[in-house]
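# Chain and residue survey
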Amino acid sequence: MGDPKIGAMQTTFSPAQLADPDTAESNRILRSCVHCGMCTATCPTFLLLGDELDSPRGRIYLIKEMLERGEPATEQVVRHVDRCLSCLSCMTTCPSGVHYMHLVDHARAYIQQTYRRPWPERALRRLLSAVLPYPGRFRLALSGARLARPFAGLVAGRSATAQRVRAMLSLAPRAVPPASNTAKPQRHAAIGRRRARVGLLTGCAQQVLAPSINEATIRLLTRMGIEVVVTRDQGCCGALDHHMGHHDSAMRLARANIATWSREMAREGLDAIVINASGCGTTVKDYGFMFREEPEREAAAKVAALAADISEVLTRFGYAPTREAPGLTVAYHAACSLQHGQKITAEPKALLKTAGFTVKEPAEGHICCGSAGTYNLLQPEIASQLKERKQANIARTGAALVASGNIGCLTQLGDGTIPAVHTVELLDWMAGGPMPAAVALVGVAA
């Protein structure tokens, strides 16, 4: 695995290779790694599998060798890179500031360009890319999956394809909520004196699975005197495609968002672009890097600078509850994309406490729940182990509810014994909004 002594990693890229901006950036990242191994202590897959190649340090070596050779990715490299959740816990742990996210994203795009996967996996990845980012298609697919869900157990076998089909069916909700008007382009006026004007990313999968999250966000912000604008032609942030290595489609989706928000900034201005799905927030905040070599680089950088998680915006404008404390204990699940990807750790917990909840943090809070975008569909076995581990840690808190700021985590954890609810729905309830459905499940009177 290379020189075990701690020191800056050496690379051997040719001048021609370094002329490529992505390779040049990966070279800079690789050279910042001192292969100390501290990342292995917080890596979920290394924790479960105990294989050095399933740790960040091991993957860094594999990626380095793959990129330096400039040859098609091998099955070994693909297997271990695919097992990475992109939870970015390693970036929180790393003392050298290795930007693993940009390195593994480059590796995935390279794999997509050079490696031919087995046809069932190619078909599944194409399906996910064609369906998940588009709410209309996703809603239709869920309706079909809901009917097939009872038959998931009839899909026999231990093959990767069988496991993935079972995972897709088991994750399908028993009922698909009706579409919400909040997803339509419109302006939601501030109540009282207008304090700010923000754009809202309505998202793709979230607006189908849990439209109540956007509804709560809009209600809460407008009551705080913040005008909320849902712009025309926005859509998926591009994260789902980006993390599958589908570079062109991810950039196309991101480009549409940059264009619509740029028009709104030029028209009447925006004080923030609010994002209530932390997986999306991590990607939108990275638009400046993603478009650093594109004609839209200045616009992308401005959008990235305005992007803010809903917890950041509520903190900035002084969230305050209007109801009495409900006497509920909430287990706060820190989504990886929020705590590791965006380095937001204190705000959600402080807001929940301000709202009157008793907040408990489960053990191993830095470890991923196994959702990770499409990971629980593509790597269901590992995802299931992480899910069970996370649900057990949450149950030990004795909390009545689990709150999180990411739809993927809520979907992953929501079938446990403790109902899962988005943080903003609890905050909206305590500030005058309706009781979330998850709260009603624990027997709290309206």
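Okay, so let's go over this structure.

Definitions and cut-offs
- Residues numbered from 1 in each chain as written.
- Predicted model: local features only at pLDDT ≥ 70, side-chain atom pairs only at ≥ 80, totals over all residues.
- Heavy atoms only, no water.
- Phe/Tyr/Trp six-rings, centres within 6.5 Å; stacked < 30°, edge-to-face > 60°.
- Buried < 20%, exposed > 50% of the residue type's maximum accessible area, 1.4 Å probe, protein only.
- Helix = DSSP H or I, 4+ residues; strand = E, 2+ residues; numbered from the N terminus.
- Lys NZ or Arg CZ within 6 Å of the ring centre and 35° of its normal.
- Expected span 1.5 Å × (residues − 1).
- Salt bridge = Lys/Arg side-chain N within 4 Å of Asp/Glu carboxyl O.
- Core = buried A, V, L, I, M, F, W, Y, C linked by side-chain atoms within 4.5 Å.
- Contact = heavy atoms within 4.5 Å.
- Axes fitted to C-alpha atoms, helices over the stretch in contact; angles between N-to-C directions.
- Parallel < 35°, antiparallel > 145°, perpendicular 65-115°, else oblique.
- Left-handed = near helix turned anticlockwise from the far one by under 90°.
- Nonpolar A, V, L, I, M, F, W, Y, C, P; charged D, E, K, R; others polar.
- Pairing = 2+ DSSP bridges.
- Right-handed = clockwise from strand over helix to strand, strands pointing away.
- Polar contact = N/O pair within 3.5 Å; in protein donor to acceptor, adjacent residues only side chain to side chain.

What follows deals with the packing of aromatic side chains. Across all of its chains, the model carries two aromatic pairs by this definition. A ring pair is formed by Tyr287 and Phe291, whose centres lie 6.2 Å apart and whose planes are at 70°; its orientation type is edge-to-face. By the burial criterion, Tyr287 is buried, and Phe291 matches it. Arranged with centres 6.3 Å apart and planes meeting at 45°, the rings of Phe357 and Trp429 form a pair that is tilted. Placement of the pair is Phe357 in the loop between α20 (346–354) and β7 (358–360) and Trp429 in helix α24 (residues 423–430), with a sequence separation of 72 residues. What makes Trp429 buried here is its relative accessible area of 7%. Sitting over the face of the ring of Tyr134, Arg137 holds its NZ or CZ atom 4.1 Å from the ring centroid. For Arg292, the ring lying beneath its charged end belongs to Phe289, and the centroid distance is 3.9 Å.

Taking 1.5 Å as the rise per residue, helix α14 (residues 247–267) with 21 residues should run 30 Å; its terminal C-alpha atoms sit 30 Å apart, in good agreement. Considered for burial, the residues of α14 that qualify are Ser249, Ala250, Met251, Leu253, Ala254, Asn257, Ile258, Thr260, Trp261 and Glu264. Positive backbone phi, at 85°, marks Gly269, one or two positions downstream of α14.

On to the pattern of salt bridges. Oppositely charged side chains can form a pair if their charged atoms are brought close together. The full count for this structure, using the stated rule, is 28 salt bridges. Where Glu361 meets Lys349, a salt bridge forms, and the shortest distance between an N and an O atom there is 3.2 Å. Taken as a pair, Glu361 in the loop between β7 and α21 (375–378) and Lys349 in helix α20 lie far apart in primary sequence, twelve residues in all. On the basis of relative accessibility, which here comes to 17%, the residue Lys349 falls in the buried class. Note that Glu364 is salt-bridged to Arg389, the shortest N-O span being 2.8 Å. On the criterion of sequence distance, the pair formed by Glu364 in the loop between β7 and α21 and Arg389 in helix α22 (residues 380–395) is long-range, its members being 25 residues apart. On the basis of relative accessible area, Glu364 is assigned to the partly exposed category, the value being 27%. Linked through salt bridges whose partners overlap, the residues forming this network are Arg187, Arg194, Arg197, Glu227, Glu264, Arg267 and Glu268.

For the rest of this paragraph, the subject is the nonpolar core. Counting residues in hydrophobic clusters, the biggest one holds 74 residues, and the most contacted among them are Tyr287, Leu314, Tyr319 and Leu426. Those residues in contact with Tyr319 that lie beyond four places of it in its chain are Leu220, Met224, Leu314, Leu351, Thr354, Ala355, Leu427, Met430 and Ala431. In terms of nonpolar packing, the next biggest core, distinct from the first, is built from 29 residues, Tyr61, Leu67, Val77 and Leu88 among them.

The next point concerns the packing of helix α4 (residues 56–69) against helix α7 (residues 100–114). Where α4 meets α7, the axes come as close as 11 Å, and the angle between the chain directions of the two elements is 50°. Comparing the axis directions of α4 and α7 gives the class oblique. The element α4 and its partner α7 pack so that their crossing is left-handed. When α4 is examined against α7, the residues Pro56, Arg59, Ile60, Ile63, Met66 and Leu67 are found in contact with a partner set consisting of Tyr100, Leu103, Val104, His106, Ala107, Tyr110 and Ile111. The residue inventory of the contact of α4 with α7, partitioned by class, reads eleven nonpolar, one polar and one charged.

The strand order across the open sheet formed by four strands is β7-β6-β8-β9, and the pairing between neighbours is parallel. Strand pairing shows two members of the sheet lacking a second neighbour, β7 and β9 (420–422), which therefore form its edges. Within the sheet, the average angular offset between the axes of one strand and its neighbour, ignoring direction, is 35°. Here strand β6 (residues 329–332) pairs with strand β8 (residues 401–404) via three bridges, running parallel. Its bridge partner lying in β8, Ala331 is registered against Val402.

When you tally the buried positions in strand β3 (residues 226–230), you get five out of five residues, the bulk of the element. Side chains Ile226, Val228 and Val230 project from β3 onto one buried face, and the interleaved Glu227 and Val229 project onto a second face that is buried too. As paired strands, strand β1 (residues 186–188) and β3 are joined by three bridges and run antiparallel to one another. Within β3, the residue paired with His188 across the bridge is Val228.

Bringing the pairing of β8 into the picture now. On a regular strand, one side chain projects to one face of the sheet and the next to the other, so that they alternate. Where burial is concerned, the two faces of β8 agree: the one with Leu401 and Ala403 and the one with Val402 and Ser404 are both buried. Here β8 runs beside β9; their pairing, made up of three bridges, is parallel. Paired with Ser404 across the bridge in β9 is His422. Taking the sense of rotation as the criterion, the β-α-β connection linking β8, helix α23 (residues 407–413) and β9 turns out right-handed.

On to the side chain of Asp54. Here Asp54 lies in the loop between α3 (44–49) and α4. Assessed through its relative accessible area of 1%, Asp54 is described here as buried. Of the polar contacts made by the side chain of Asp54, one reaches the side chain of His80; its length is 2.9 Å. Look past the residues within four positions of Asp54 in its chain and what remains in contact with it is Cys43, Thr45, Phe46, Leu49, Arg59, His80 and Arg83.

As a further point, take the sheet that holds strand β2 (residues 196–200). For sheets, the rule is that strands pair by backbone hydrogen bonds, running either parallel or antiparallel. Here five strands make up an open sheet; going across it, the order is β1-β3-β2-β4-β5 and the pairing mixed. A strand with exactly one partner marks an edge of an open sheet, and here the two such strands are β1 and β5 (307–309). Ignoring which end each strand starts from, the neighbouring axes of this sheet average 35° apart. Here three bridges tie strand β4 (residues 272–275) to β5, and the two strands are oriented parallel to one another. Residue pairing across strands places Ile275 opposite Asp309, the latter belonging to β5. Along the sheet, helix α12 (residues 211–223) contacts β1, β2, β3 and β4; its crossing angle with β3, the most-contacted strand, is approximately 145°. Together, β4 and β5 form the strand contacts of helix α17 (residues 297–306), whose direction differs from that of β5 by roughly 25°.

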